[in-house]
Amino acid sequence: MELNDKRYYMVLEPLQVYNRNAPFAAEKWFLAGTMEQSVLLAFSSRVREVLLTTIAITLVLSVLGSLLVSARLARPINRLYREVIDAQEKKTFPRLSRTAIREVDRFAETITELNKELVTNSTKFLRIMDMASVEIGGYELRTDTGSVFVTDNFFSLLGKPEMQGEPLSVRRFEEVLKGIREKNPCDHTAEGDELLTIQQPDGVRYIMLRSTIEGHAKIGLAEDVTAAVLERKRIEHERDHDILTGLYNRQAFNRVCTELFAAPERMGVAALMMMDLDNLKHINDTYGHDWGDQYIRRTGQCLRDNTPAGTVCARLSGDEFLVLFHGYRSRDAVREKIDCLTNAMRQSVALLPSGNALHISLSGGIAWYPDDGQDWETLKKYADFAMYQVKHSEKGRVEEFDIGVYNREAYAERTRREFRQLLSNAQVFYCFQPIFSARSGRVVAYEALMRSDLPTLRSPATIMKLAREQGALYEIERITFTKALETFDSLCRAGSVSGDAMLFVNSIANTCLSHEDGKYINSHWHELCHRMVVEITEEEEIDYEALERKRNAPGFSGMFALDDYGSGYSNENTLLQLAPRFVKVDITIIRGIDTSPDKQQILRNVVAYAHPRSMKIVAEGVETAAELRTVVELGADLLQGYFLARPAIVPGAIAPEAVAIIQELQRRAKD
């Protein structure tokens, strides 16, 4: 409570004055005690003041002690720091003094030992570099600190000795290195390294630059590889050049020409000239190979001395040379250079041991770029062809390639080559064209038609022509029967053709298979042989003795079909002698028969002759609905042609339109 501006504290204690039954038992008495606050709390205030004073003094002493200890510790650490900074500025390793702090001294000793070891290793490495046969320099760039370290010989290797010792920043170093690259020829290896060609006072030096990045550091190495490059160039020169003439050899010429042809802008109008030395064998045989070598060397020298700079010259083999003139604007400009070369060769003279003059005589062929060909291999082939045309006619001339002559010769040779390939590999396949009944439209037979996927032998007529020219008719006959039967048998097994249909196979009239081949065919396709019809084509006069041997072949059904009736030799006589089961009227008669009374009469005559003799008439080459109607009305028994079904590896069904016409005609016939 407050009294006279002073705070007092009071304590009340209840008193039991009266008994519970006394008259004043309901009254309550208290004992009260009061005391002023300052008197009551004097002791606790004193204690608090003492504690606060003690704490304050302790804190002050602690701060002062910490400052003293920190100052004592920082002084030697600061000294170490200054020693390191001084060493860095002087670019030397620091010599660290002792601090009397055990842990710091141990740390400093460790750093000192590492520095000594680094110096030792660096010194050893530099000594090794000095002792090495290859001069090496290097650098290190630090992007985090901006520092640059360069070995003493780095810039000397790169032809800039004046830069040695100059303080460099990272940016300045890279600018200097960029300038060196721009000033000197620079190639890149497959590994991504740079090969600089540096012109030094003592000659050309080749420096290999390699670099790698590790974190913030870029480390580079410059290596003098002059000896290795010169040795490689020597080996490459020996690899690429002919020893006798110094011209390119075959491999180098092919490589250089391939590179040139890959850049058409460099070629312009170009000419490839292939040449053969005339009389080299005669000189070798008469005067010895030393004189033959001299003849070759003189030719090489003449090529080097009388062709413009940039012309590619090579000796391919003993007496064969190639020259590529390129980068011209017209053929006339090239011809002028070729004339200069050939004239110089004619004027080149050497005296033989016999006293005779030895002139360079050559036969050559020229192919033009881009007119004759736009690739290296084509031009070489054409130039070679032109040269051999000269050698096989009149030697000592140079002639230009003629595509017309080449095409005739090349196509003929390719055809002969592919025909040999066809025979050796039996490289033919067979398509089958259905033959349908003229009464029901049902498949009665299939004709096997030879095909080849060789480019020049697409036509069976071409194959037969070559077979006659090269005496290979027997091989074609054997291939025809074996491949046709084999293929048709596979179709039968697969259910792709009618199981009871006959197979018509074209045969060469005057060629008969041997007994052994006949037995082989019968043993492999015995059942099919009973359903096989042999077609005889009237392309030449028939040998009837050969036909009898065919008729009596093992397992053969004996059924013949006279193919292309109306287009060959002695039709009526063939009908009499052959007595075929089927007569196939040629397409020349069937085509347009609906509008030609003469053709219609021919077919009537054939039908009138054939039917009484149990021969069936096959109308070949039916290609229109009108032709189909006409041949059926005239009595043809079987139908074959594109209008009904085309030949195919797996033959298809009859065309619906053809079926409809046949059914319509049959209904009308019954009515």
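This write-up is about the structure you can find in this document. (Residues numbered from 1 in each chain as written. Predicted model: local features only at pLDDT ≥ 70, side-chain atom pairs only at ≥ 80, totals over all residues. Heavy atoms only, no water.)

Points about the pairing of strand β23 (residues 616–619)
In step 1: For strand β22 (residues 582–585) and β23, the ladder comprises 4 bridges, and the chain directions are parallel. In the strand pairing of β23, V583 is matched with I617.
In step 2: For β23 and strand β24 (residues 638–639), the ladder comprises 2 bridges, and the chain directions are parallel. From the neighbouring strand, V618 faces β24, where its bridge partner is L638.
In step 3: Between the parallel pair β23 and β24, the chain is carried across by helix α22 (residues 625–633), and the sense of this crossover is right-handed. (Pairing = 2+ DSSP bridges. Helix = DSSP H or I, 4+ residues; strand = E, 2+ residues; numbered from the N terminus. Right-handed = clockwise from strand over helix to strand, strands pointing away.)

Considerations on unusual backbone geometry
In step 1: Backbone torsion omega between Y369 and P370 reads 5°, so that peptide bond is classified as cis.
In step 2: With respect to the helices and strands, the residue P370 is situated in the loop between β15 (362–369) and α12 (376–391).
In step 3: Non-glycine residue A579 carries a positive phi angle of around 50°.
In step 4: When you line up the elements, A579 lands in the loop between α19 (571–578) and β22.
In step 5: A relative accessible area of 47% means that A579 is categorised as partly exposed. (Buried < 20%, exposed > 50% of the residue type's maximum accessible area, 1.4 Å probe, protein only.)

Points about the sheet that holds strand β18 (residues 443–451)
In step 1: Strand order in the closed barrel formed by 8 strands is β17-β18-β19-β20-β21-β22-β23-β24, with mixed pairing between adjacent strands.
In step 2: For β18 and strand β19 (residues 502–507), the ladder comprises 4 bridges, and the chain directions are parallel. Across the sheet, E447 pairs through a bridge with F504, a residue of β19.
In step 3: With respect to the sheet, helix α18 (residues 544–551) is in contact with β19, β20 (532–537) and β21 (559–565), its orientation differing from that of β21 by roughly 135°. (Contact = heavy atoms within 4.5 Å. Axes fitted to C-alpha atoms, helices over the stretch in contact; angles between N-to-C directions.)

Some details on helix α23 (residues 656–670)
Side chains three or four residues apart in an α-helix point the same way, a direct result of the helix having 3.6 residues per turn.
In step 1: Between the first and last C-alpha of α23 there are 21 Å, a value that for 15 residues agrees with the 21 Å anticipated at 1.5 Å per step.
In step 2: Those residues of α23 not exposed but buried are A658, V659, I661, I662, L665 and Q666. Down the axis of α23, the buried side of the element spans an arc of 165°, and every buried residue falls inside it.
In step 3: Among the structural elements, β17 (429–437), α22 and β24 are those in contact with the buried residues of α23. (Expected span 1.5 Å × (residues − 1). Arc of directions from axis to C-beta.)

Section: the pattern of salt bridges
In step 1: Per the stated rule, a full pass over the model turns up 36 salt bridges.
In step 2: Linking R234 and E231 is a salt bridge whose minimum nitrogen-to-oxygen distance equals 2.4 Å. Here R234 and its partner E231 are both found in helix α6 (residues 226–240), 3 residues apart, which amounts to about one turn of the helix.
In step 3: In this structure, E620 engages K584 in a salt bridge whose closest nitrogen and oxygen atoms are separated by 3.3 Å. Placement of E620 in the loop between β23 and α22 and of K584 in strand β22 is noted, with a sequence separation of 36 residues between them.
In step 4: Under the relative-accessibility criterion, E620 is labelled buried at 10%.
In step 5: For K584, a relative accessible area of 0% gives the class buried. (Salt bridge = Lys/Arg side-chain N within 4 Å of Asp/Glu carboxyl O.)

Quick notes on a nonpolar patch on the surface
In step 1: On the surface, a cluster of nonpolar side chains totalling about 570 Å² of accessible area is made up of I57, V60, L61, V63, L64 and L67.
In step 2: Take L61: it is sitting in helix α2 (residues 42–90).
In step 3: Relative accessible area serves as the criterion here: at 55%, L61 is assigned to the exposed category. (Patch = residues over 30% accessible without salt bridge, like charges linked within 9 Å, V, L, I, M, F, W, Y side chains within 5 Å. Areas by Shrake-Rupley, 256 points an atom, 1.4 Å probe, with all protein chains shown as cover.)

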